[in-house]
Amino acid sequence: MDEPQTCARFVSDIFGLQQVASRDGELAFRADDRFRTVSLSRDHDDGTSIGIEAWDDAALQEIGERLRARGFSARSASPEECQRRYVQSALLTEDASGNRIDLVTRPTRSGRRFFPPRDAGIVQFHGIGLRSIDHERDLAFWRLLGAEVTDWVGDIAYLRIDRLHHRIALYPSQRRGLLYAAFEVEALDQIMQNSYFMEDNQVRIVQGPGRQPASQQIFLHVEGPDGLILSYVTGTAKIGDRPRPARQFPLTATSLCNWGSESKGVPELSAKR
């Protein structure tokens, strides 16, 4: 981040996350009962990393062996690296695009309830949108982690790792990196309230309010300093016990939002590429 303090004010005062104690120059925030969910750093070399909780150390070892057998890098985190991430253990890996993925066990929980400076209706961290420059190999990477494709919009893949329609959306792109981080809010009311709040505070709305036809997820994407995109979401469909094949939607505006909202200036979120 070029302006971590400016970003920090946006994340807390505007978007509605709770800032917590920082360490080693990082600015940390929480969105649920975990001690932290987002960290900002001025160190450009550190890059962006995505944390995903694994079951235990045996699961980390098994995943590491699968990844290395398919040519992906994977190494155990040092005690210092685990301490920085507030986790008990971690496997540090990268997908084919070079996006850093941290598989972790026992992330630190907070004994205090989530209490943000602004009531945006956030109840928990929800998921991510990720840019991919090597889509086929990146899909292979996520499948090795146990993710499954629920639906396609063009080549955009919605990936599930639990009973929700998706936690990860993989977008073909000309560059790697985090596209957006999504946070679940209580209901549609909070989506609309936050939309009006962003307009009143002259915050750029990238897309929304809108709804994805594939997942039924209602969303609002907003952009802060340094191009940081954060999202409010609600209503994501759940996957039942009966398996089904992934559905294919065409890459059209109505496949990305059936309410008619279109992305402004973010090509990965647009059907016009």
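We now turn to the structure provided with this report.

The rules we used
- Residues numbered from 1 in each chain as written.
- Predicted model: local features only at pLDDT ≥ 70, side-chain atom pairs only at ≥ 80, totals over all residues.
- Heavy atoms only, no water.
- Pairing = 2+ DSSP bridges.
- Helix = DSSP H or I, 4+ residues; strand = E, 2+ residues; numbered from the N terminus.
- Axes fitted to C-alpha atoms, helices over the stretch in contact; angles between N-to-C directions.
- Contact = heavy atoms within 4.5 Å.
- Phe/Tyr/Trp six-rings, centres within 6.5 Å; stacked < 30°, edge-to-face > 60°.
- Buried < 20%, exposed > 50% of the residue type's maximum accessible area, 1.4 Å probe, protein only.
- 1 Å grid on protein atoms, 1.4 Å probe; cavity = no way out; pocket = protein on both sides within 12 Å on 5 of 7 lines; lining within 4 Å.
- Points joined across faces, edges and corners; volume = space filled by probe spheres on them.
- Nonpolar A, V, L, I, M, F, W, Y, C, P; charged D, E, K, R; others polar.

## Quick notes on the sheet that holds strand 7 (residues 100-105)
- On the basis of which strands lie adjacent, the open sheet formed by four strands has the order 4-7-6-5 and mixed pairing. Of all strands in the sheet, those bounded by a partner on one side alone are strand 4 (49-53) and strand 5 (74-76). The mean inter-strand angle of the sheet, taken between neighbouring strand axes irrespective of direction, is 25°.
- Two strands pair when backbone bridges link them, and strand 6 (residues 89-94) and strand 7 are joined in this way by six bridges, in the antiparallel orientation. Directly across from Leu92, in strand 7, lies its bridge partner Asp102.
- Sitting on the sheet, helix 2 (residues 57-69) is in contact with strand 5, strand 6 and strand 7, with an inclination near 20° to strand 6.

## Describing the packing of aromatic side chains
- What the rule picks out here adds up to seven aromatic pairs.
- The interplanar angle of 65° and the centroid separation of 5.5 Å between the aromatic rings of Phe15 and Phe183 together place this pair among those described as edge-to-face. In this pair, Phe15 sits in helix 1 (residues 4-15) while Phe183 sits in strand 12 (residues 177-185), placing the two residues 168 residues apart along the sequence. Phe183 shares its class with Phe15; the two are buried.
- Taking the centre distance of 5.2 Å and the plane angle of 75° together, the rings of Phe125 and Phe183 count as edge-to-face.

## Focus on empty space enclosed by the protein
- Evaluated as defined, the whole model comprises two cavities of 30 Å³ or more.
- By volume, the largest cavity is sized at about 70 Å³.
- Grouping the constituent residues of the lining of the largest cavity by class yields five nonpolar, three polar and no charged.
- Reported here for the second largest cavity is a volume of approximately 40 Å³.
- If you trace the second largest cavity, you find it lined by His126, Gly127, Ile128, His166, Arg167, Tyr180, Ala182 and Gln217.
- Listing elements by their share of the lining of the second largest cavity, those giving two or more residues are strand 8 (122-132) and strand 12.
- Within the lining of the second largest cavity, the residues separate by chemical class into three nonpolar, four polar and one charged.

Read these as layout, nothing more, since geometry by itself doesn't imply function.
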